Structures are given as C-alpha cells and as structure tokens.
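Report on the structure
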Amino acid sequence: DVLAMGRSENARENEEAQPLDLGKFCQAMWREVSIALRSKQNLQLDDQVGEPVLGINELALHTILSNLLQNAVKYSRGNGPVKVRLQRDNGEYQITVTDFGPGVPEAQREAIFQPYWRAQEVETIAGTGLGLAVARSAARSMGGDLRLKCSGQHCGPDCGTRFIAFWPVSGQVN
C-alpha cells in the first residue's frame, strides 16, 4: 500500500489518454477482490457512465477501488451485497461504494483516513490501517478526493458505510 501511494502520486505525469470502461474495470476489480478474500457477497453495480472515458489514471483508480472493495467485503455483516455506483455529475466522475457493515462512529470519521489508524472495534479483522489513506492519496493524485459520505443510520436502512471517490473529468482541474 505504501508503494502504491507513491506510484499513484507520480503516475499522473505518465498518464496516456487510453479509453477505460469504468463498469468493466469495476467488475474486474470485484473479481480480483472477491477471489482474494474468498467472498460470497454479490456486487450490485449501477453504471450510469456507461461508456469508456479518457484521461483516467488506471493505477490510481485500481488503488481506490481495491481498497474500498476490500473494506466493504471485510467489514460487511454476513453475505450482504456491496453496492457500487459509477456516475458523471457536475464535471466529475464519481464512484460510490456502499457496504452493509456496522458503520463508522461519528467521532472516528476523519481518523479513518490517517495512516496506520485502526478502530478498536475492528482489531480482530485483518488490516494495517493504510487502505483508506492510500486510497485518498490516489484520489487526490487525480485532482479529486475520497470522503466518507455517510455511515450507519444516516445512510438509510441496513446501510453500513458509504464512501465516495471523485475526480474531475479529463481537462478539468479542481
């Protein structure tokens, strides 16, 4: 994860304008994560972009999705689905990942993005505390950010946590 953080920060300089289908990329990432973690959960993908896009830093996107999907699998209760929504809105691409885990207590919502920070409630779940810091760094390397959109009862019934990663459509900078 630490090496990925450095590579994703430097990858922007080496980007080539190759079209990338976000939906297919997300499905491939899901296969990778679900096999690695032996997940029985299902991916519910809502692809509102629906067409290949240009100017995507594929390494940074891989870092973001890999970490968000791994967390969604690890922290979800039982075999509940993982929901991913892809959209383009107001000059930004957005990826929203929703799980059905216990959520993040309000007092810890910024701390979860600090390197090596782990909540006491999840100490029994494997992890280093780097994933969200690395994913946020990757999103910022693309001119965007990664945020906790909502957690627990604020997300709606049976929702655990909802993260949103966003970055400007190619040619636009925040």
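Because the structure is a prediction, the values reported are computed rather than measured. (Residues numbered from 1 in each chain as written. Predicted model: local features only at pLDDT ≥ 70, side-chain atom pairs only at ≥ 80, totals over all residues. Heavy atoms only, no water.)

Looking at the overall build of the protein chain
Looking only at helices and strands, the protein chain has four helices and five strands in total. Going from N to C terminus, the protein chain has its helices and strands arranged as α-α-β-α-β-β-α-β-β. Out of the 174 residues in the protein chain, the part that is buried amounts to 49%. Within the structure as shown, the protein chain displays about 9,200 Å² of accessible surface, and the carbon and sulfur contribution to it stands at 46%. (Helix = DSSP H or I, 4+ residues; strand = E, 2+ residues; numbered from the N terminus. Buried < 20%, exposed > 50% of the residue type's maximum accessible area, 1.4 Å probe, protein only. Areas by Shrake-Rupley, 256 points an atom, 1.4 Å probe, with all protein chains shown as cover.)

Regarding helix 3 (residues 58–75)
Given 3.6 residues per helical turn, the α-helix brings residues three or four places apart onto the same face. Between its first and last C-alpha atoms helix 3 spans 25 Å; for 18 residues at 1.5 Å apiece the expected length is 26 Å, and the two agree. All of the buried residues along helix 3 are Ala-60, Leu-61, Thr-63, Ile-64, Leu-65, Ser-66, Asn-67, Leu-68, Leu-69, Asn-71, Ala-72 and Val-73. Capping of helix 3 at its N-terminal end is provided by Asn-57; its side-chain oxygen lies 3.2 Å from the backbone amide nitrogen of Leu-59. (Expected span 1.5 Å × (residues − 1). Polar contact = N/O pair within 3.5 Å; in protein donor to acceptor, adjacent residues only side chain to side chain.)

Brief notes about the pairing of strand 2 (residues 82–89)
As paired strands, strand 1 (residues 43–47) and strand 2 are joined by five bridges and run parallel to one another. Paired with Leu-45 across the bridge in strand 2 is Val-84. Read from strand 1 through helix 3 to strand 2, the crossover connection turns out left-handed. As paired elements, strand 2 and strand 3 (residues 92–98) share seven bridges and run antiparallel to each other. Residue pairing across strands places Gln-87 opposite Gln-94, the latter belonging to strand 3. Connecting strand 2 to the antiparallel partner strand 3 that follows it, the hairpin turn spans two residues, and Asn-90 within it adopts a positive phi of roughly 50°. (Pairing = 2+ DSSP bridges. Right-handed = clockwise from strand over helix to strand, strands pointing away.)

Some points on the nonpolar core
By size, the foremost hydrophobic cluster in this structure holds 38 residues, and its most contacted members are Leu-61, Leu-69 and Leu-146. Elements represented by at least two residues in this core include exactly helix 2 (22–36), helix 3, strand 2, strand 3, helix 4 (131–141), strand 4 (145–151) and strand 5 (161–168). The element best represented in this core is helix 3, accounting for eight residues. Other than its neighbours up to four places away in sequence, Leu-69 contacts Met-29, Trp-30, Val-33, Val-82, Val-84 and Val-97. (Core = buried A, V, L, I, M, F, W, Y, C linked by side-chain atoms within 4.5 Å. Contact = heavy atoms within 4.5 Å.)

Description of the environment of Gly-160
Note that Gly-160 resides in the loop between strand 4 and strand 5. Linking Gly-160 and Cys-150, residues 10 residues apart in sequence, is a C-alpha distance of 8.4 Å.

What to know about the environment of Gly-23
Tracing the sequence through the fold places Gly-23 in helix 2. Sequence separation between Gly-23 and Arg-85 is 62 residues; the distance between their C-alpha atoms is 9.2 Å. Residues in contact with Gly-23, not counting those within four places in the same chain, are Leu-45, Asp-47 and Leu-86.

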